[in-house]
Amino acid sequence: MLNFHSHKTFSHGIHPVEAKEATVDKPIRRFPFAPFLVLLLSQHAGRPAKPVVREGEEVVRGQPVAAADGFVSAPIHSPVTGVIKKVGHALDTNGKMAPAIIVEAFPGSDQRIVWGNPVDVERLTSGEIVKAIQDMGMVGLGGAAFPAHVKFSPPKGKHVDTLIINGCECEPYLTADDRVMLEYPDEVILGARLVRKALSAERAIIAIESNKLRAAARLRESLSANGGEITVEILETKYPQGAEKMLTKALLNREIPSGGLPADAGVMVSNVTTTAEIGTLLPRGQGLIERVITITGHGVKRPGNYMVPVGTPLTFLLEHVGLEEDAAEVIFGGPMMGKGVAFLETPITKGVSGILVLSGGDMAKQKQMYPCIRCAECVRACPMHLNPSALGILARKNEFDSMAQNYHLFDCFECGCCSYVCPSNIPLVQLFRVAKEVLRERKPAA
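Residues numbered from 1 in each chain as written. Predicted model: local features only at pLDDT ≥ 70, side-chain atom pairs only at ≥ 80, totals over all residues. Heavy atoms only, no water.

Thoughts on the packing of aromatic side chains
The geometry of an aromatic ring pair is captured by two quantities: the separation of the ring centres and the angle between the planes.
Piece 1. Under the counting rule described, the total for this entry stands at two aromatic pairs.
Piece 2. Taken together, a centroid distance of 5.4 Å and an interplanar angle of 90° make the contact between Phe31 and Tyr306 edge-to-face. Of this pair, Phe31 sits in the loop between strand 1 (28-30) and strand 2 (36-40) while Tyr306 sits in strand 14 (residues 304-309), and the two are 275 residues apart along the sequence. Grouping residues by exposure puts Phe31 and Tyr306 together as buried.
Piece 3. Aromatic side chains Phe31 and Phe316 sit 6.3 Å apart centroid to centroid with 75° between the ring planes, which places their arrangement in the edge-to-face category. Of this pair, Phe31 sits in the loop between strand 1 and strand 2 while Phe316 sits in helix 8 (residues 314-321), and the two are 285 residues apart along the sequence. (Phe/Tyr/Trp six-rings, centres within 6.5 Å; stacked < 30°, edge-to-face > 60°. Helix = DSSP H or I, 4+ residues; strand = E, 2+ residues; numbered from the N terminus. Buried < 20%, exposed > 50% of the residue type's maximum accessible area, 1.4 Å probe, protein only.)

Right, dumping it as structure tokens:
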């Protein structure tokens, strides 16, 4: 029985304006195919995929076009039936040239036909499930884009007893996960069953914030028929409730150790859309070629939740949803942890869960930065119980080693709570990102 009055949560955190009303009731709609699709070979954590096609070669929708280059890598499949126009480079989200494959869609071809090898999922062993997840090119669809098969292969000696399906979607504006739970509950449940089996976990918990009770009810209805060792838990609506460490603490009162993995606490966390895609694609033996994306913001004329082919150029996408005259900035993801897009020519990748278009009015709200007044608002907000004020002061003095050694810089997962509450408008998260990047660049030379 669902506890709709649960107050499970973590300490600290914030309650930003949710801003989900523009898309929360918009059903998922299929997006049209662009004439050209740009498939970046590095749209996942780890090594870029290796091309297995040549220029001029015809491909079928769903056909593999790039293979994984090692264990921490993921294959890529063609989102359309068409021809390989280029195996070379294209602009990524940072405006840098990166290895890519460009596919031209055949006009008028039946894109409903998808390459695949259906399997009987009930007969698969745990190892075969992990291999099938690797073959489909599945990555974390919550934004991290870490290869899912790696995540579902805990280190030797680590036993995962609990799988947590993250349906919190605590980032403001975004509603894609919510719509997936509402519209594809059976696929979520099947995906949870398969991942639980792959991990040999005793149970699975679907974690949902209290502002998504309709989704919780839909999943409860589906679970009544085929749930097994799967339950639904309602958590307090608070940011960043969906972070791995926060979820683990709130649900199980377990701590993921500093520098450690969720498996060190006996848990594994999977995004709910990732889980739903596994439940959808694995039985069909198909690869990941499209994903649900929330497109929203004051700069968009037709906000909604769309099933978008991977590789769709951002310019094509924005033309179809329409931009307001004062559209000013595009962010991949949400306002708290999203990343500004440097060039509109960049393509959609597997890790893009949302596209937020800010208006000129939104940008005008940005305020001048002032010196730190040591109010400790950031300390009270930080879910990791760090001292963002001290970290920020050290960052501006370029004392990066002290940040890491004495103030646990790398425990920060850049949720943005500190920047959000800072009355002096100090861009703390940006300072921390720069510090981490400097330290990472130093490491190979050490």
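As for the sheet that holds strand 15 (residues 327-332)
Piece 1. Reading across the sheet, the six strands line up as 1-14-13-17-15-16 and stay open at both edges, with mixed pairing between neighbours. Among the strands making up the open sheet, the edge pair consists of strand 1 and strand 16 (339-340).
Piece 2. Where strand 13 (residues 290-296) and strand 17 (residues 354-359) come together, three bridges link them in parallel fashion. In the sheet register, Thr294 faces strand 17, and the bridge partner there is Gly354.
Piece 3. Along the sheet face, helix 3 (residues 176-183) touches strand 1, strand 13 and strand 14 and points at about 125° away from the line of strand 13. (Pairing = 2+ DSSP bridges. Contact = heavy atoms within 4.5 Å. Axes fitted to C-alpha atoms, helices over the stretch in contact; angles between N-to-C directions.)

Examining the pairing of strand 13
Piece 1. Of all seven residues making up strand 13, seven are buried, and the element is well covered by its neighbours.
Piece 2. In strand 13, alternate side chains face the same way, and those of Glu290, Val292, Thr294 and Thr296 on one face and Arg291, Ile293 and Ile295 on the other are all buried.
Piece 3. With six bridges joining them, strand 13 and strand 14 adopt antiparallel strand pairing. For Ile293, the partnering residue across the bridge sits in strand 14 and is Tyr306.

Topic: unusual backbone geometry
For residues that are not glycine, phi is negative in most cases, and the peptide bond is trans in most cases.
Piece 1. Going from Tyr239 to Pro240, the amide bond is cis rather than trans, its omega being 0°.
Piece 2. Here Pro240 shows up in the loop between strand 11 (230-235) and helix 6 (244-252).
Piece 3. Even without being a glycine, Tyr173 presents a positive backbone phi close to 80°.
Piece 4. Relative to the helices and strands, Tyr173 resides in the loop between strand 9 (162-166) and helix 3.
Piece 5. Positive phi, close to 70°, is recorded for Ala376, a residue that is not glycine.

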